[in-house]
Amino acid sequence: MSSLLLNGCSSRRLLFRKVELSDFNDWLPFHQEPKSSQFWEGLPTNPKVACQEQFDRIFERYEKGLGGMNALICKKTGLLIGLSGLLIQTVDKKSELEIAYSILPKFWQKGYATEAANRCKLHAFENNLSPSLISIIQVDNIPSQKVAINIGMTKSKTTKYKANKVFIFRVHHE
């Protein structure tokens, strides 16, 4: 089975690589922007703690083979602009493969999330990783819902995930 990580993959504007410890300070502004976490309950309010917890989860996923976030590097500038990847998640007691994406605030609304999520979808389907993919999106997070719709996902259900009311968006392999 092909790797769930997109290390070495690329899209039109982005290079995908594993997240490194040295990315911490470049990613910290994501957690310093209150809008980044406004839709998700249960996250630490201290940006450094929130960032450290996220990095701990990323590296734990790598170690356990549960997929993981990839650093998104802008081909033109070499800057870290976001994180995106394929994650094995358990939703309503069922194991699913999720497309996840987060973009640094200064790069919002430039199409990077859609580009990264679409590349994750293509990677998963080209390598037959799953017959369908989901995205877990808090019900009030309209920007993330638009990304899911832009890559061909449709809302399949509403449920609770980690104490948050979420929509499960889904796309099936054609």
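Whatever comes next refers back to the structure up there.
Note on numbering: residues in each chain are counted from 1, in written sequence order. Per-residue local features are limited, in this predicted model, to residues with pLDDT of at least 70; the limit for side-chain atom pairs, both in listing and counting, is 80 or more; totals at the level of whole chains, interfaces and linings are taken over all residues. Hydrogen atoms and water are omitted, and side-chain values are computed over all heavy atoms in the structure.

K.L.:
Report on the pairing of strand β4 (residues 94-103), specifying residues and quantitative values.
P.N.:
Only protein chains enter the accessibility calculation, which uses a 1.4 Å probe; a residue whose area is less than 20% of its type maximum is buried, one above 50% is exposed, and one in between is partly exposed. Helical segments are the DSSP runs of H or I of at least four residues, strand segments are the runs of E of at least two, and each set is numbered from the N terminus. Most of β4 is tucked away, with 8 of its 10 residues classed as buried. Only strands joined by at least two bridges in the DSSP assignment are considered to pair. Here strand β3 (residues 80-91) folds back onto β4 in antiparallel fashion, the turn holding 2 residues, of which aspartate 92 has a positive phi close to 50°.

K.L.:
Go over helix α3 (residues 112-126), please, and point to the residues and values.
P.N.:
In a helix, the anticipated span is given by 1.5 Å times the number of residues less one. Over its 15 residues, α3 runs 21 Å from end to end, which matches the ideal 21 Å to within 8%, given 1.5 Å per residue. With 11 of 15 residues buried, α3 is to be regarded as a mostly interior element. Along α3, the residues classified as buried are Tyr112, Ala113, Glu115, Ala116, Ala117, Arg119, Cys120, Lys121, His123, Ala124 and Phe125. Just downstream of α3 lies asparagine 128, where phi reads positive at about 50°.

K.L.:
Which residues make up the layout of surface pockets, and what values go with them?
P.N.:
One number sums up the size of the second largest pocket: a volume of about 180 Å³. The method works on a 1 Å grid over the protein atoms by themselves. A cavity is a set of points holding a 1.4 Å probe that cannot get out, a pocket is an open set with protein on both sides within 12 Å along at least five of seven lines, and residues with an atom within 4 Å of a point line them. Surrounding the second largest pocket, Arg17, Asp23, Asp26, Pro29, Ile73, Gly78, Leu79, Leu80, Leu104, Pro105, Lys106 and Phe107 form its lining. When residues are sorted by character, Ala, Val, Leu, Ile, Met, Phe, Trp, Tyr, Cys and Pro go into the nonpolar class, Asp, Glu, Lys and Arg into the charged class, and all the rest, Gly among them, into the polar class. For the lining of the second largest pocket, a count of residues per class yields 7 nonpolar, 1 polar and 4 charged. Grid points are joined across faces, edges and corners, and a volume is the space filled by probe spheres set on the points.

K.L.:
I'd like a rundown of the side chain of glutamine 145, residues and numbers included.
P.N.:
Mapped onto the elements of the fold, glutamine 145 is located in helix α4 (residues 142-150). Of the residues examined, glutamine 145 reaches a relative accessible area of 9% and is grouped as buried. Here a polar contact is recorded for every N or O atom pair within 3.5 Å, except that within protein the pair must consist of a potential hydrogen donor and a potential acceptor, and residues adjacent in sequence are included only if both atoms are side-chain atoms. Among the polar contacts made by the side chain of glutamine 145, one reaches the main-chain carbonyl oxygen of valine 139 at a distance of 2.9 Å. By definition in these notes, contact holds between two residues if any of their heavy atoms fall within 4.5 Å. When sequence neighbours within four positions are dropped, the list of residues in contact with glutamine 145 reads Ile137, Gln138, Val139, Asp140, Phe167 and Phe169.

K.L.:
Could you give an account of unusual backbone geometry, with specific residues and numbers?
P.N.:
Positive phi outside glycine occurs at lysine 93, with the angle close to 65°. Within the secondary structure, lysine 93 sits in the loop between β3 and β4. Residue lysine 93 is classed as exposed on the basis of its relative accessible area of 83%.

K.L.:
For the nonpolar core, give the residues involved together with the corresponding values.
P.N.:
For this analysis, a nonpolar core means a set of buried residues of the types Ala, Val, Leu, Ile, Met, Phe, Trp, Tyr and Cys, connected via side-chain atoms within 4.5 Å. With 50 residues, the main nonpolar core has Phe16, Trp27, Leu86, Ile99, Tyr101, Leu133 and Met153 as its most contacted residues. The element that contributes the greatest number of residues to this core is α3, accounting for 7 residues. Leave out the neighbours within four places in its chain, and methionine 153 touches Ile99, Leu133, Ile134, Ser135, Ala148, Phe169, Arg170 and Val171.

Function cannot be read off these values alone, since they describe shape.
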